[in-house]
Amino acid sequence: MQLKKIMVEQQSDARRNRGKDPHDEELFGSAKEQKKLLQALDDMHYLLSKDYPLRATLELVGNRYRLRQRQILALQGMACSAKDIETRKNKEVTAADIRGKTIYLDGFNVVIILETLLSGGFVFRGLDGCYRDISSVHGSYKRVKQTDNVLITVGKALQLLGAGHVVWIFDAPVSNSGRLKTLCYAIAAEHGFAWDIYLDNAPDKYLIAENRLIVSSDAWVLNGCYAWFNLASFIINKFLDDSYAMNIVNQAGL
């Protein structure tokens, strides 16, 4: 089965999806609101690059543009300083660098971003090139009807990249992480993926330990890791058709 076909295939079960909040179309769907958010992002970048603290900068910029709470969450995920951009770009590896390497995946981070996009929810391209969502597991992960397709797609993408071995790291304290681990092993067995799946009480610290090549869009992890690959960007830009572009804010960058 081709990768693009996997991405658009929908399962016919009754599980929910991770799509838009009822107010998201109003907050992010119009050109006017997106323009306002990107103007706010420009201000955030300038202030953060001048070493203004994040929380105070969010409050200042959010008030200036009269942003709603979900818009502020999106802005926080998209914004970073010039120093952060440089730090992350210096550690970012290319698709060619993946071949034959062991790669560690920030499990919930990777899965939920793609679940959100495939569910028709909005995702947001940060100034560092990473895609982020404004969903949250709130201590409990619920499988959705796109989950299997997301896992298969990630596996197929990493096969195409020639990754030598894939290690998924999920947050042990999150409810249902054990069930997701079981699902990952079942999909790996069915499709021949060379996966190991671990549950860890502090996955962020695990990912930045030693000289690991990781996949994540978590800002703290990216700043602290040894090397990282932008897998979500690779999948979104190489294997999704144009129908998903309408749900990506700041697709072209500033």
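Residue numbers here run from 1 along each chain, matching the order of that chain's written sequence. Owing to the predicted nature of the model, reporting of local features is limited to residues with pLDDT of at least 70; listing and counting of side-chain atom pairs is limited to 80 or more, with chain, interface and lining totals taken over all residues. For the side-chain quantities, the full set of heavy atoms in the structure was used; hydrogens and water were omitted.

Asks: Sorry if this is basic, but what is going on with the confidence of the model for the protein here?
Replies: Low-pLDDT portions of the prediction should not be read for the details of their coordinates. Across the protein, pLDDT averages 91, with 92% of residues at or above 70. Across residues 1-15, where pLDDT falls below 50, the model places 33 contacts with residues more than four positions away in sequence or in other chains. Across the chain, each position has a pLDDT score giving the predictor's confidence in that residue, from 0 to 100. The contact criterion used is simple: two residues touch if any of their non-hydrogen atoms lie within 4.5 Å.

Asks: When you look at helix α3 (residues 31-49) in this model, what are you seeing that I'm missing?
Replies: Counting along an α-helix, one turn takes 3.6 residues, and residues three or four places apart therefore face a common direction. In a regular helix each residue adds 1.5 Å, so 19 residues correspond to 27 Å; α3 covers 27 Å between its end C-alpha atoms and thus fits that length. Those residues of α3 lying buried are E33, L37, A40, L41, D43, M44, L47 and L48. Secondary structure is summarised from DSSP: a helix means a run of H or I of at least four residues, a strand means a run of E of at least two, and numbering begins at the N terminus for each. Check the buried side of α3 and you find it contacts α2 (24-28), α4 (54-64), α5 (69-78), β2 (123-125) and β8 (248-249). Within two residues after α3, D51 carries a phi angle of roughly 70 degrees, on the positive side. One less than the residue count of a helix, multiplied by 1.5 Å, gives the span that helix is expected to have. For every residue, the accessible area obtained with a 1.4 Å probe (protein chains only) is divided by the maximum for its type, and the residue is called buried under 20%, exposed over 50%, and partly exposed between those limits.

Asks: I keep staring at the nonpolar core and nothing clicks. Help me out?
Replies: The nonpolar side chains of a soluble globular protein tend to be buried with one another. Formed by 47 residues in total, the largest nonpolar core has its most connected members in I103, L105, V154, W168, W195 and L231. At the level of secondary structure, the elements contributing two or more residues to this core comprise β1 (102-106), α7 (107-118), α8 (147-161), β4 (165-171), α9 (177-191), β5 (195-200), β6 (213-215) and α12 (231-239). For this core, the element with the highest residue contribution is α7, accounting for 8 residues. Residues contacting L231, with those up to four places away along its chain left out, are L105, V154, A157, L158, L161 and V215. Judged by nonpolar contacts, the second largest core, of 24 residues, contains L27, M78, A79 and F124. To form a nonpolar core, buried Ala, Val, Leu, Ile, Met, Phe, Trp, Tyr and Cys residues must be joined to one another through side-chain atoms within 4.5 Å.

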